[in-house]
Amino acid sequence: ATVSLWQARVAQREAQRALAVQEFMTDIFRTNSINQADPLKARQTTARELLDIGAQRIDRHLQADPEGRAEVLGLFGNMYFDLGLDPESAEFYGRRAQALKQAFGPRDARVASALAQYAKRLDQLGRDDEQQRALDEAKAILDALGDHQSEARAEWLEVMAKANAQAGDKTVAWAEEAVAIYRRHHPQSKSLASALKRLGQARTQVDDQAGAEAAFVESLERLQQDPQANVSLLVTGSLMVAGAQARQHKIVA
């Protein structure tokens, strides 16, 4: 009875949060319509402008719901990333990690995962020290929890390999461990395809072209089995397989 009551409360809280997020997103479009007296101008508002409208309202409208705020911040971070606005995307991922700290405390596995994702978004932005601090904090959380086999740990390892792409054998070891965790404990995770791609890239850097090809092929096969896989990921995966084969002077019909 206690478990059932707890499950009911969790379901109710999740439903309330989902409704709050839905209302927040709907309100963005409503605000745009109200602020534009001319309906034509309202329809011409760009996706970037709508995101900026929402970004200004997140903290104010979701202040009392840090978990819901984290969900919206992650959503906005993804949308800014899809628009090629990497610095803005990283900012939202950083704010998401802070919101999750407020929601669950600073030593929660969900915070570690969010910090790893934040570090991933910081890659190639010239903010290496900030990226490493996020990775160090994520590792400290996972170590304190005795967490060595969760998806959060695998995610951290993959980002470590990405952030230290030129570290040679260390990069390979991080990527291999990430893949091993997914294989042993989370074989159905969609993130395994990404970890395999990272492993292929790490092996390429140490001139293990056959090993790189094997990782790229498996990554592509997993993407092809996913009906929701992004077309650009499929194209990139195919190019990586072809590149590894070309470096081995393979000719595949």
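Up top you'll find the structure we're talking about.
Summary of the structure given here. All residue numbers refer to positions counted from 1 along the written sequence of the respective chain. Whole-chain, interface and lining totals are the exception, using all residues; otherwise, since this is a predicted model, local features are given only for residues with pLDDT of at least 70 and side-chain atom pairs are given and counted only at 80 or more. Neither water nor hydrogens contribute to the side-chain values; these are computed over all heavy atoms in the structure.

To continue, consider unusual backbone geometry. Among all residues save glycine, negative phi is the norm, and among peptide bonds the norm is trans. Positive phi, close to 70 degrees, is recorded for Gln 124, a residue that is not glycine. Counting from the N terminus, the helices are the DSSP runs of H or I reaching at least four residues and the strands are the DSSP runs of E reaching at least two. Inspection of the secondary structure assignment puts Gln 124 in the loop between helix 7 (109-122) and helix 8 (128-144). Given the relative accessible area of 73%, Gln 124 is considered exposed. Positive phi, close to 65 degrees, is recorded for Asp 207, a residue that is not glycine. Mapped onto the secondary structure, Asp 207 falls in the loop between helix 11 (191-205) and helix 12 (209-224). Each residue is assigned to one of three classes by its accessible area relative to the maximum for its type, calculated with a 1.4 Å probe on protein chains only: buried under 20%, partly exposed between the two thresholds, exposed over 50%. Using a relative accessible area of 60% as the deciding quantity, one classes Asp 207 as exposed.

Phe 76, Tyr 80, Phe 92 and Trp 156 are the most contacted members of the largest nonpolar core, which totals 48 residues. Elements with a contribution of two residues or more to this core: helix 3 (47-55), helix 5 (66-82), helix 6 (86-104), helix 7, helix 8, helix 9 (151-163), helix 10 (169-185) and helix 11. Any two residues having at least one pair of non-hydrogen atoms within 4.5 Å are treated as being in contact. The contact partners of Tyr 80, leaving out residues within four places of it in the chain, are Arg 48, Leu 51, Asp 52, Ala 55, Leu 85, Glu 88, Ser 89 and Phe 92. By size, the runner-up hydrophobic cluster in this structure holds six residues, among which are Ala 212, Phe 216, Leu 220 and Val 241. Among buried residues, the Ala, Val, Leu, Ile, Met, Phe, Trp, Tyr and Cys ones that are joined through side-chain atoms within 4.5 Å form a nonpolar core.

Turning to its location among the elements, Gly 94 is positioned in helix 6. According to the relative accessible area criterion, Gly 94 is buried, its value standing at 13%. Separated by 24 residues in the primary sequence, Gly 94 and Ala 70 have C-alpha atoms spaced 9.9 Å apart.

Let us look at the environment of Val 217. Topologically, Val 217 is positioned in helix 12. For Val 217 and Val 241, which are 24 residues apart along the polypeptide, the C-alpha to C-alpha distance reads 6.0 Å.

Think of a salt bridge as a Lys or Arg side-chain nitrogen and an Asp or Glu carboxyl oxygen that are within 4 Å of each other. Tallied over the full model, the rule gives 12 salt bridges. For the salt bridge of Arg 183 with Glu 218, the shortest nitrogen-to-oxygen distance reads 2.7 Å. In this pair, Arg 183 is assigned in helix 10 and Glu 218 in helix 12, connecting sequence segments 35 residues apart. The class of Glu 218 is partly exposed, set by a relative accessible area of 22%. As a salt-bridge pair, Lys 250 and Glu 213 come within 2.8 Å of each other at their nearest N and O atoms. You can see Lys 250 sitting in the segment after helix 13 (231-247) and its partner Glu 213 sitting in helix 12, a full 37 residues away along the chain. With a relative accessible area of 10%, Glu 213 lands in the buried category. The network of salt bridges with shared partners includes Lys 139, Asp 143 and Arg 153.

Right, let's talk about the packing of helix 7 against helix 8 for a bit. Between N-to-C directions, angles cover 0 to 180 degrees, with each direction set by a line fitted to C-alpha atoms, over the stretch in contact for helices. As a packed pair, helix 7 and helix 8 sit with axes 8 Å apart at the nearest point and diverge in direction by 160 degrees. Between helix 7 and helix 8, the angle falls in the class roughly antiparallel. Note that helix 7 runs across helix 8; the crossing there is left-handed. Touching Ala 109, Val 111, Ala 112, Leu 115, Ala 116, Tyr 118, Ala 119 and Leu 122 of helix 7 are Glu 130, Gln 131, Ala 134, Leu 135, Glu 137, Ala 138, Ile 141 and Leu 142, all from helix 8. Charged means Asp, Glu, Lys or Arg here, nonpolar means Ala, Val, Leu, Ile, Met, Phe, Trp, Tyr, Cys or Pro, and polar covers whatever is left, Gly included. Partitioning the contact of helix 7 with helix 8 into residue classes produces 13 nonpolar, one polar and two charged. Here the angle decides the label: under 35 degrees means roughly parallel, over 145 means roughly antiparallel, 65 to 115 means roughly perpendicular, and every other value means oblique. Note on convention: near helix rotated counterclockwise from far helix by under a right angle means a left-handed crossing. Clockwise means right-handed.

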